[in-house]
Amino acid sequence: MTMKEAYLRLLSRLYELYADREAATIADWVIEHITGMKRIDRIVHKNVLLSAPQQLQLADATERLLQHEPVQYVLGEAWFAGMRFYVDRNVLIPRPETEELVEWTTEEIRNTKYEVQNQQPTILDIGTGSGCIPIALYRQLLPNASVTALDVSEGALKVAKQNAIALAAAPIDFLLLDFLNEAEWQQLPLYDIITSNPPYIKQAEAASMNRNVLDFEPATALFVEDNDPLIFYRKIAAFGKTHLAAKGALFVEINEALGLATIDLFKSYGYQALLRQDLQGRDRMIKAWL
Ligand SMILES: C[S@@+](CC[C@H](N)C(=O)[O-])C[C@H]1O[C@@H](n2cnc3c(N)ncnc32)[C@H](O)[C@@H]1O
């Protein structure tokens with residue numbers, strides 16, 4: 001099978017599940033991953049034959065994609081903040097809106113005393129998953145940040161550590177910790193900056209979610225109990241009262257449907273809070289400070 005035939009065959013199968021543009025993006029990504037060739041080179045070499053192992057890899061990828069598995073898990077890679085992260089089913093696939101949270105946090109750190117006085121801010125990321133937030137912050141603030149990240153999932157921390165090493169962020173400290181258990185907070189010091197993209201989807205919303213999210217992404221990364229959809233924000237607000245350094249700040253991603261409720265929650269704990277929309281105009285992130 002030639003390069004061109006492989007692409008067209010995959011594309012025709014993907015049309016069974018995806019709209020034209022998305023199918024073409026996925027097909028490009030898969031063929032590039034398998035052949036190691038950029039689009040322009042594949043056009044020039046369109047009649048080159050795929051090797052037997054490449055054909056097997058393509059057959060496996062096609063099968064998995066047709067089962068609705070996200071392309072990022074099929075290929076074991078996701079792009080975030082210009083870096084390629086390893087991902088598997090232990091971790092949430094990093095989302096573009098989370099990059100906006102990282103950008104906001106970085107800007108604010110740069111505009112404060114830390115950069116001006118050349119101090120090293122201490123940063124904690126809660127519910128780190130693939131490690132996308134702390135690794136992007138560490139890389140952008142290098143060498144001026146001391147970064148810690150925690151998660152309740154051993155599988156997620158394994159992936160995050162692997163990413164930190166691969167992406168030149170090995171000095172990040174990773175902790176296995178159940179953040180909902182307040183007794184575990186005692187082992188943690190003060191932080192200048194606390195970031196989090198915690199679970200925030202109600203179980204009741206599962207019925208309206210896409211299969212590729214619901215069937216493949218880890219439930220611990222997505223869902224909270226319906227009776228307290230803001231549980232993580234309540235805990236983060238309480239944690240900040242005892243673990244945020246003077247002039248420190250929290251940056252959290254939120255459920256777009258709960259922007260005002262989440263702002264009110266932080267205010268009820270004595271914080272000042274600012275709500276920001278993402279590029280799609282959805283309520284998506286909050287900065288809170290005491
Ligand atoms: C929405 S995912 C975010 C992952 C990553 N920060 C990102 O933005 O892609 C939430 C993460 O919180 C973790 N988590 C869930 N419950 C937790 C708990 N009780 N304590 C610590 N982490 C928890 C999950 O394992 C998951 O990695």
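Residues numbered from 1 in each chain as written. Predicted model: local features only at pLDDT ≥ 70, side-chain atom pairs only at ≥ 80, totals over all residues. Heavy atoms only, no water.

Colleague: Is there a simple way to think about the site of the ligand in this case?
Modeller: Around the ligand sit 22 residues, and of these Gly-127, Asp-151, Asp-178, Phe-179 and Asn-197 come closest. Thr-128 has a polar backbone atom sitting 3.4 Å from a nitrogen atom of the ligand. For the ligand, a nitrogen atom lies 3.2 Å from a polar atom in the backbone of Val-152. (Near = heavy atom within 4 Å. Polar contact = N/O pair within 3.5 Å; in protein donor to acceptor, adjacent residues only side chain to side chain.)

Colleague: I'm lost on the sheet that holds strand β6 (residues 191–196) in this one. Help?
Modeller: By definition, the strands of a sheet pair up through backbone hydrogen bonds, in either a parallel or an antiparallel sense. Ordered by their spatial adjacency, seven strands build an open sheet running β5-β4-β3-β6-β9-β11-β10, and the pairing between neighbours is mixed. Strand pairing shows two members of the sheet lacking a second neighbour, β5 (173–176) and β10 (272–277), which therefore form its edges. Across the sheet, the mean angle separating the axes of adjacent strands is 15° when strand polarity is ignored. Of the pairings in the sheet, the one linking strand β3 (residues 122–126) to β6 comprises four bridges and is parallel in character. Each bridged residue has a counterpart across the sheet, and for Ile-123 the counterpart in β6 is Ile-193. Relative to β3, helix α8 (residues 132–141) is tilted by about 160°, and along the sheet it contacts β3, β4 (146–151) and β6. Taken strand by strand, helix α9 (residues 154–166) contacts β4 and β5, and its axis lies near 175° from that of β5. (Pairing = 2+ DSSP bridges. Helix = DSSP H or I, 4+ residues; strand = E, 2+ residues; numbered from the N terminus. Axes fitted to C-alpha atoms, helices over the stretch in contact; angles between N-to-C directions. Contact = heavy atoms within 4.5 Å.)

Colleague: Explain the pattern of salt bridges here, please?
Modeller: Any two side chains of opposite charge can pair, so long as their charged atoms come close to each other. Per the counting criterion, the structure on display carries 15 salt bridges. The partner of Arg-84 in a salt bridge is Glu-77, with the nearest N and O atoms 3.3 Å apart. In this structure Arg-84 comes out as partly exposed when scored by relative accessible area, which is 49%. Here Glu-77 falls in the buried class, since its relative accessible area comes to 7%. (Salt bridge = Lys/Arg side-chain N within 4 Å of Asp/Glu carboxyl O. Buried < 20%, exposed > 50% of the residue type's maximum accessible area, 1.4 Å probe, protein only.)

Colleague: Can you help me understand the domain arrangement of the protein chain in this one?
Modeller: Quite often, the size of an interface is put as the accessible area lost when its parts meet. Structurally, the protein chain comprises domain 1 (3–67) and domain 2 (90–289). Measuring from the centre of the C-alpha atoms in domain 1 to the corresponding centre in domain 2 gives 35 Å. (Domains from an automatic or database assignment.)

Colleague: Sorry if this is basic, but what is going on with the packing of aromatic side chains here?
Modeller: Within a pair of aromatic rings, the relevant descriptors are the distance that separates the centres and the angle that separates the planes. Using the criterion set out here, one finds six aromatic pairs in the structure. A centroid spacing of 6.0 Å and a plane angle of 90° characterise the contact between Phe-80 and Phe-85, whose relative ring orientation is edge-to-face. Across the pair, Phe-85 and Phe-80 agree in class, each one buried. When the centroid spacing of 5.2 Å and the interplanar angle of 80° are considered together, the rings of Trp-185 and Phe-239 count as edge-to-face. Placement of Trp-185 in the loop between β5 and β6 and of Phe-239 in helix α12 (residues 231–243) is noted, with a sequence separation of 54 residues between them. In this structure an aromatic cluster arises from ring pairing among Phe-179, Trp-185 and Phe-239. Above the plane of the ring of Trp-289 lies Lys-287, whose end atom (NZ or CZ) is 4.9 Å from the centre. (Phe/Tyr/Trp six-rings, centres within 6.5 Å; stacked < 30°, edge-to-face > 60°. Lys NZ or Arg CZ within 6 Å of the ring centre and 35° of its normal.)

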